[in-house]
Each structure stands twice: as C-alpha cells, then as structure tokens.
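Examination of the molecular architecture
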Amino acid sequence: MRWLFLCLGLHLLLPVAMAAEVATIAVIVPKEQNLHAFSKAELALVFWRKKLYWGNGKRIEPVNLGPESALRQRFSQLILDSVPEDQVEYWNALYFHGTSPPHVVRTQEAMLRYVAETPGSIGYIDACRVDNRIKPVAWLLPDGSLSHLPPVLSCSSSS
C-alpha cells in the first residue's frame, strides 16, 4: 500500500518538476511574418481567438501544444491567466458560435513544423528548441515577463 501512495505522490509531483525545467518560452511565427512588438494582453487576445487578423489582413492561426504539456500549462497561466482544463467551457461556448479553439499539436517538433509551414501562424516552444525554420518574436522569461529582446539562454545539447 505504501508503494501505491509513493507512486501516486511522485506522479502528482511530475508535472511540477517538468514545469520547473522550462525556463524560457519562445513565441514563434513563420520566418516571413513581420510583426510589431506586442504585449501579453494582445497575445492573449490572439490565443483567446478575439484578435483574428494580423495588421496586414492575414488571418492569425494560433496553435497550442496539448493540454497535458507542461509548456502549454505554463504558457496558458502566463498569457491566458488560466490552465487548459479551465478553458473547456469557454471553447465549447464559442464553438457553437462558429469559433474554433487554436489548432493543437502533440510535440514541439510538430509545433515547429506547423508554424514553419502555415502562413499567419503563431505558437510557442521551449526557447532552446528555436531553429532557422521559424522566427522567434518574443520570449516569456522565467519571471513571467514578456521580452522582445533575445535572452541569454543556457541550453543543454539534449534540448
């Protein structure tokens, strides 16, 4: 019985440990996308699907990681001030008015591919995963602030 409680306790702590490993989140767009500097509030409007078009008139295509992702949990808390589980009713209500939630991908590699190949898209990844397929336009720093200047990162080679 003790083993069961120990396993259950470790299982409950795992998301917290995983979230602690995520230091900086990069907000990414396709390489050719030009954006002005935006605030956390404007980013929230994009991911709540309340802002639907970029300044050039192109449709915004936000994309999320799956709700079980520690990165999605942190992004949602910092930008949307809620967790994915608490957003279900919101999206259900909007769905019946013709508004779908952001597209969801399962992995950060899928996020990179989706954003690189989808005009108007915007997503997020661990900043250590940024590569030349996409363009980072903002960074969510460990303290929760949004920066438009590239941070100094300490990435391991396994990122």
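Everything that follows concerns the structure shown earlier in this document.
A brief look at the structure comes next. Residue positions within a chain follow its written sequence, with the count starting from 1. Per-residue local features of the predicted model are confined to residues with pLDDT of at least 70, and side-chain atom pairs are confined, for both listing and counting, to 80 or more; whole-chain, interface and lining totals are unaffected and use all residues. Hydrogens and water molecules were not included; the side-chain quantities draw on all heavy atoms of the structure.

Focus on the overall build of the protein
- Within the protein, the regular secondary structure consists of five helices and six strands.
- Strands here are runs of E lasting at least two residues and helices are runs of H or I lasting at least four, both read from the DSSP assignment and numbered beginning at the N terminus. When the helices and strands of the protein are placed in sequence order, the string is α-β-α-β-α-α-β-α-β-β-β.
- The buried share of the protein, taken over its 159 residues, is 40%.
- Any two residues whose heavy atoms approach within 4.5 Å are treated as being in contact. Nonlocal contacts in the protein, meaning residues at least 24 apart in sequence, comprise 68% of its contacts between residues at least 6 apart.
- To be clear on the numbers: accessible area is Shrake-Rupley with a 1.4 Å probe, and residue cover counts the displayed protein chains and nothing else. Accessible surface computed for the protein: about 9,400 Å², of which carbon and sulfur atoms make up 59%. Exposure is judged per residue with a 1.4 Å probe applied to protein chains only, and the accessible area is read against the type maximum: over 50% gives exposed, under 20% gives buried, and values in between give partly exposed.

What about the packing of helix 2 (residues 40–47) against helix 3 (residues 70–80)?
- Each axis is a line fitted through C-alpha atoms, taken for helices only over the stretch in contact, and angles between the N-to-C directions span 0 to 180 degrees. Where helix 2 contacts helix 3, the two axes come as close as 9 Å, and the packing angle between them is 120°. Judged on the interaxial angle alone, helix 3 and helix 2 are oblique. Residues K40, L43, A44 and F47 of helix 2 form the contact with helix 3, whose participating residues are F75, L78, I79 and L80.
- Looking at the contact of helix 2 with helix 3, its residues break down into seven nonpolar, no polar and one charged. To sort the angles, those under 35 degrees are grouped as roughly parallel, those over 145 as roughly antiparallel, those from 65 to 115 as roughly perpendicular, and the leftovers as oblique. Any residue outside Ala, Val, Leu, Ile, Met, Phe, Trp, Tyr, Cys, Pro, Asp, Glu, Lys and Arg is labelled polar, Gly included; the first ten of those are nonpolar and the last four are charged.

Some words on the sheet that holds strand 3 (residues 103–105)
- Here, strands pair whenever DSSP counts at least two bridges between them. One open sheet accounts for six strands, arranged 3-2-4-1-5-6; its pairing is mixed. Edge positions in the sheet fall to strand 3 and strand 6 (146–147), since each has one partner strand and no second.
- Relative to the sheet, helix 3 contacts strand 1 (25–30), strand 2 (61–65), strand 3, strand 4 (121–126) and strand 5 (134–140), its axis offset from that of strand 4 by approximately 115°.
- Across the sheet, helix 5 (residues 108–117) touches strand 1, strand 2, strand 3, strand 4 and strand 5, and the angle it forms with strand 4 is around 150°.

Geometric values such as these leave the question of function open.
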